Amino acid sequence: MLRFVLRRLLLMVPVLFGLSVLLFAWVRALPGDPARALLGERATPEGIESITRLYGFDKPLLEQYWIYLQQLVTFDFGSSVRDGRPVTDTFLEQFPATMELTAAAMLFAIVLGIPLGYISARRRGGAVDSAVIGGSLLGVVIPVFFLALLLKLVFAIELGWFPTTGRQDARVDATHITNFYVLDGLLTREWDSSWDAIVHLVLPGIALGTIPLAIIVRITRASVAEVIHEDYVRTADAKGLAPQTIRNRHVLRNAMLPVLTTIGLLLGLLLSGAVLTETVFAFSGIGSYLFDAISQRDYPVLQGYILFIALIYSLINLLVDIGYGVIDPRVRVS
Amino acid sequence: MRLPTTRACCVLTVGALALGLTACADSERSDEPSSGQASGGTFVFAGAEEPVTLDPFYASDGESFRVARQMFEGLVGTKPGTADPAPLLATDWTTNEDSTSTTFTLQEGVKFHDGTDFNAEAVCANFERWYNTPPGIAQSEALTYYWQSLFGGFAEGENTDSLYESCETNGEFEVTINLTRPFVGFVPALSLPAFAMQSPTALDKYAVPAGKNPTQGPYATKYPTGTGPFKLDTWEQGTEVRLARNDDYWGEPALVDEAVVVAIADPTARADALRSGDVDGFDLVGPADVDPLAEEGFTIVDRAAFNILYLGMNQNTEPLDDPLVREAIAHAIDKEEVVSASLPEGTVPATQFMPDLVNGYSPDVETYDYDPQLAEEMLAEAGQSDLTLEFNYPTEISRPYMPSPGDTFNVIRSQLEAVGITVKPTADQWEDYLGKIQGTDKHGIHLLGWTGDYNDPDNFVGVFFGRESSEWGYDNPKLFDALAEGRTLTSLEEQDAYYQGVNEQIMEFLPGVPLASPVPSLAFSEEVTGYVSSPVQDEVWSTVSVG
């Protein structure tokens, strides 16, 4: 297992290197330039020239890439052109927000999705199944930003149950240690601040988690439907095992493999999907910052953030592969 | 246009608001006259973006200035509701005849938040700090935009041609600033937060090594130290800026205990945050949100317009170099309709390239009234009866002077089409758009504008027409010279008369069509009172109370 993990980690190096080349080429292929974006209407030819020179954007592309690569090797991702902050600092500061949001969305999708998929498979063709299938279809097709606005309108503005924006009420006196607000509240025993952070996660979590929920329901349903007709399930049934034992040890455990793969893939998608949700809910994570960076042509932020996201995505996939081994001993053996 | 009743009752004019405020401040004082104790509570305000830095000298963005105005004060402020200079940390000033030397008498008994005395030495320390900005990143236009556009160069570096010459102290509370050449806009320019007074002690203590980016150093993120009614509590970057009341403030202390500034980029999300009570007020209300919010009982505060939206014409593109064609286009545009269909209520059509609050505004410019028939005749006379024009406009952007460019474009397009002009629309995203208009010749007529920084005509017409540019595509040495000479004038009266002439000259030349100065709005919950708006956003929250 250790060799497997090491090999996978080493494999990530050429992948990330290739991505750095693509990213470098892509951000520079974007029309417009950061100096003009930075100065806006106030741009003068001299101002643009001085900023372009200051950040080295006037150097030949190969030289710029070489400098970028040298910085990467020393884990220096440069500083934002817009606010001058080191890219690593802002990422580490904002990542907990996106992580919290992604976790909330995933929790919502898994906790609701797996049971719904299971029930739907067991009652195939019934009313519950039809409702679940219809609902999941709706979940997949509804655009995230539309759902987010709808949720806000109904549950925050009309009913007033939840806040509309941010991660925490500005009037709550909270101490932030790790920047995971829910955790911070627990660590500092400021229960109200933890609760407030959870309340702020509900609507964005649902908005972001709806598509994964729909996908998980469908995959679980298909997978369970397949597994329940397997010989070993029939054998277990014939042996007289209790239904819940069959469900937990034979059906769900085997049906979970494709679901786990999907969850791994979805986590990566959620990291990038958070851009829209974070913007609608003014949730200050990596998504909204990345969104601004695109419009500002903030090269260092774009390059750094996307590389970080790719790294996290690769690590999640690695974890999923390790998870296979835990769930299915056959994978471990092979 | 008639206001809906609910809106009419909620919209507060600047004057009425200021009156209400006086009453409010009076009642506060009469309740607790001696201690000046505050009403308390937290005022949560949403801007559109995070501040870039809390050291205002290195800022040029509105959000950094918004926070800076609470913590810092300059020698000069502005008269409420206007862009005219008013005493602040300087109680009085006199300028010599040729506008090269100004002596300020300082307010006594003022201390910075760290206990350092504010006096003539502190003023000189600030001017010397600005002038001695180290070469490198700090001298980039992104960081020291205002110093460079007003004072030119620095003591050392690429540009050493500076307007600043020296600072002399005459006793503890009198200071003289000498300039190398006349600059009549010097005193009004000092009302910009970039030139606010900062504690020399704190600046020394938390200095950033030369060559490093000063916008993110410890001073600019944790210890910004001014003399204002609020001081920094914490800046959690990416989340919020918390300001605590400065109980030792030299003037009337702030009414609220605490003010929090959050960033919500999307205008609809800002409105929703107000509706759900997450924030107590927000800036840059989308034009479409103004009426619904007013009808729901929220308070809308209008800010007197200090901006200009115009239709630019690129004379590098034929036949826009023909004055007759430009004149025909001007006559084809019904500005009243442009305003009613695409700009906030209360907006007045413009006759020249600056709002009427600015020194040098002329009542006598050529106005090119709406006359579609005359426009058609002029086009025929110019041999352009079947004229096709590229019309550039930006998408997915909202600026205070251009809240909904797509709508403005549509109104003007139909007006141009009505006089027989075929319009070829070209829409671009904001950054690409700016690049195309300001950096290339490949554009026809376009929408753009400007928000003024302080009361100086050069800050409007000088910026637009002071030199050859890709945006306008003309070479008019007479106009360039006239604007260059305007910068050497030595008195405000002289400047006023002179720029009236310049405005008339510009409108005769007609490089573009000034459209309007849209009125920006702020929105507040019913509990908020005492917010005084300012055309140049010199809005200090010491008079605001919540609940």
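Residues numbered from 1 in each chain as written. Chains lettered and ligands numbered in written order. Predicted model: local features only at pLDDT ≥ 70, side-chain atom pairs only at ≥ 80, totals over all residues.

Asks: I tried to follow the overall build of chain A on my own but got confused; where do I start?
Replies: When helices and strands are tallied, chain A shows 14 helices and zero strands. Starting at the N terminus, the α and β elements of chain A follow one another as α-α-α-α-α-α-α-α-α-α-α-α-α-α. Considered along the principal axes of its C-alpha atoms, chain A spans approximately 85 × 55 × 40 Å. For chain A, with 334 residues in total, the buried portion stands at 41%. Residue pairs at least 24 apart in sequence account for 72% of intrachain contacts in chain A once pairs closer than 6 positions are excluded. (Helix = DSSP H or I, 4+ residues; strand = E, 2+ residues; numbered from the N terminus. Buried ≥ 20, exposed ≤ 12 C-beta atoms within 10 Å, placed from the backbone. Contact = placed C-beta atoms within 7 Å.)

Asks: Explain the overall build of chain B to me, please; I cannot follow it from the model alone.
Replies: Looking only at helices and strands, chain B features 18 helices and 21 strands. Computed over the C-alpha atoms, the radius of gyration of chain B is 24 Å, within 12% of the 24 Å expected from 2.2 N^0.38 for a compact globule of 547 residues. Along the first, second and third principal axes, the C-alpha set of chain B runs to 75 × 55 × 40 Å. Within the span of chain B, comprising 547 residues, buried residues form 54% of the whole. Of the contacts formed within chain B by residues at least 6 apart in sequence, a portion of 73% connects residues at least 24 apart. (Rg over C-alpha atoms; globule rule 2.2 N^0.38 Å.)

Asks: Explanation requested: the nonpolar core in the structure shown.
Replies: One broad trend across soluble globular proteins is that nonpolar side chains are buried collectively. Ranked by internal contacts, the top residues of the largest apolar core, which has 173 residues, are Leu75, Ala259, Val262 and Ala523 of chain B. A total of 15 residues in this core trace back to one element, the largest contributor, which is helix 9 (residues 191-227) of chain A. Setting aside anything within four residues of it in sequence, one finds Ala259 of chain B in contact with Phe43, Phe45, Gln70, Phe230, Leu243 and Trp541 of chain B. The next biggest cluster of nonpolar side chains, apart from the first, holds 53 residues, and it includes Met313, Leu448, Phe460 and Phe465 of chain B. (Core = buried A, V, L, I, M, F, W, Y, C linked by C-beta atoms within 7 Å.)

Asks: Can you help me understand the interface of chain B and chain A in this one?
Replies: How big an interface is tends to be stated in terms of the accessible area lost upon association of its parts. Listed as interface residues are 34 residues of chain B and, on the opposing side, 42 residues of chain A. Elements supplying a minimum of two residues to the side of chain B that touches chain A: strand 1 (42-47), strand 10 (258-263), helix 9 (267-275) and helix 15 (430-439) of chain B. When residues in the side of chain B that touches chain A are grouped by element, the largest group, six residues, is from helix 15 of chain B. Classifying every residue of the side of chain B that touches chain A gives 13 nonpolar, 12 polar and nine charged. (Nonpolar A, V, L, I, M, F, W, Y, C, P; charged D, E, K, R; others polar.)

Asks: Please explain the domain arrangement of chain B as it appears in this structure.
Replies: Residues and elements named next belong to chain B. Under the domain assignment, chain B is made up of domain 1 (1-48 + 229-304 + 525-547), domain 2 (54-226) and domain 3 (307-516). With 11 residues of domain 1 at the interface, the matching set in domain 3 holds 13 residues. Residues belonging to the side of domain 1 that touches domain 3 are distributed by class as follows: nine nonpolar, one polar and one charged. (Domains from an automatic or database assignment.)

Asks: Help me understand the sheet that holds strand 8 (residues 230-236) of chain B, please; the structure alone is not making it clear to me.
Replies: What links the strands of a sheet is backbone hydrogen bonding, and the strands pair in either a parallel or an antiparallel sense. In spatial order, the strands read 8-9-10-1-11-19-12 (chain B); together these seven strands make up an open sheet with mixed pairing. If you trace the sheet from one side to the other, it starts and ends with strand 8 and strand 12 (299-302) of chain B, each paired once. (Pairing = 2+ DSSP bridges.)

Asks: Before we go on, may I ask you to explain unusual backbone geometry in this structure?
Replies: Residues and elements named next belong to chain B. Between Glu318 and Pro319 the backbone carries a cis peptide bond, its omega angle lying at 0 degrees. Along the chain, the position of Pro319 falls in the loop between strand 13 (307-313) and helix 11 (323-332). One non-glycine residue, Leu284, lies in the positive phi region at around 55 degrees. One can find Leu284 in the loop between strand 11 (281-282) and helix 10 (287-295).

Asks: Could you clarify how one ought to interpret the environment of Leu153 of chain A in this entry?
Replies: Residue and element names in this part refer to chain A. The residue Leu153 is located in helix 7 (residues 144-158) in this model. Note on Leu153: 14 C-beta atoms within 10 Å, which makes it partly exposed. Distance from Leu153 to Thr164, taken between C-alpha atoms, is 8.6 Å for residues 11 residues apart in sequence.

Asks: In this structure, what is going on with the packing of helix 11 of chain B against helix 13 (residues 372-381) of chain B? I would like to understand it.
Replies: If you want to describe how two helices pack, look at the angle between their axes and the distance between the axes. All names here are of chain B. For the pair helix 11 and helix 13, interaxial distance at closest approach is 8 Å and the crossing angle is 160 degrees. Taken together, the axes of helix 11 and helix 13 are roughly antiparallel relative to one another. Viewed along their axes, helix 11 and helix 13 form a crossing whose handedness is left-handed. From helix 11, Leu324, Val325, Glu327, Ala328, His331 and Ala332 reach across to helix 13, where they touch Pro372, Leu374, Ala375, Met378, Leu379 and Glu381. Residue composition of the contact of helix 11 with helix 13, by class: nine nonpolar, one polar and two charged. (Axes fitted to C-alpha atoms, helices over the stretch in contact; angles between N-to-C directions. Parallel < 35°, antiparallel > 145°, perpendicular 65-115°, else oblique. Left-handed = near helix turned anticlockwise from the far one by under 90°.)

Asks: Any chance you could explain the pairing of strand 10 of chain B here in plain terms?
Replies: Each regular strand carries side chains that alternate between the two faces of the sheet. All names here are of chain B. Of all six residues in strand 10, six are buried, a share of seventy percent or more. The pairing of strand 1 with strand 10 spans six bridges and is classified as parallel. In the sheet register, Thr42 faces strand 10, and the bridge partner there is Glu258. Sheet topology note: the strand 9 (residues 240-245)/strand 10 ladder contains five bridges and is antiparallel. By the bridge assignment, Val241 is partnered in strand 10 with Val261.

Asks: Just to check I follow, could you spell out helix 14 (residues 405-418) of chain B for this structure?
Replies: Residue and element names in this part refer to chain B. End to end, helix 14 covers 20 Å across 14 residues, agreeing with the expected 20 Å (1.5 Å per residue, within 8%). Taken together, the buried positions of helix 14 are Pro405, Thr408, Phe409, Val411, Ile412, Gln415 and Leu416. Buried residues of helix 14, seen end-on, are gathered within an arc of 165 degrees and therefore sit on one face of the element. Taken together, the buried residues of helix 14 touch strand 13, helix 11, helix 12 (335-342), strand 15 (388-395), strand 16 (422-429) and strand 17 (445-451). (Expected span 1.5 Å × (residues − 1). Arc of directions from axis to C-beta.)

Asks: Looking at this structure, I do not really get the sheet that holds strand 15 of chain B. What am I missing?
Replies: All names here are of chain B. Spatial ordering of the open sheet is given by 14-18-13-17-15-16, a layout of six strands whose pairing is mixed. The open sheet is flanked by strand 14 (348-349) and strand 16, the only strands paired with a single partner. In this sheet, strand 17 lies alongside strand 15 in parallel orientation, the contact comprising two bridges. The residue bridging Asn392 from the neighbouring strand is His446, located in strand 17. Relative to strand 15, helix 14 is tilted by about 165 degrees, and along the sheet it contacts strand 13, strand 15, strand 16 and strand 17.

Asks: Mind showing me how you'd approach the environment of Gly81 of chain B here?
Replies: Residue and element names in this part refer to chain B. Here Gly81 lies in the loop between strand 2 (76-78) and strand 3 (85-87). Owing to 19 C-beta atoms within 10 Å, Gly81 belongs among the partly exposed residues under this scheme. Sequence separation between Gly81 and Val532 is 451 residues, and the spatial gap between their C-alpha atoms is 7.8 Å.

Asks: I would appreciate a short explanation of the confidence of the model for chain B in the present structure.
Replies: Interpretation of the predicted coordinates at a detailed level should be avoided for regions scoring low in pLDDT. Residues and elements named next belong to chain B. Of the residues in chain B, 93% reach a pLDDT of 70 or more, and the chain-wide mean stands at 88. Here residues 1-38 scores under 50 on pLDDT; set against residues more than four positions off or in separate chains, the count is 47 contacts. For this predicted complex, the interface confidence reaches an ipTM of 0.80, while the overall pTM sits at 0.84. (pLDDT = per-residue confidence, 0-100.)

Asks: So what exactly am I meant to see when it comes to the environment of Gly228 of chain B here?
Replies: All names here are of chain B. When you line up the elements, Gly228 lands in the loop between helix 8 (218-221) and strand 8. Along the sequence, Gly228 and Arg69 sit 159 residues apart, while their C-alpha atoms lie 7.5 Å from each other. Excluding residues that lie within four positions of it along the chain, Gly228 makes contacts with Gln70, Met71, Phe72, Glu73 and Asn246.

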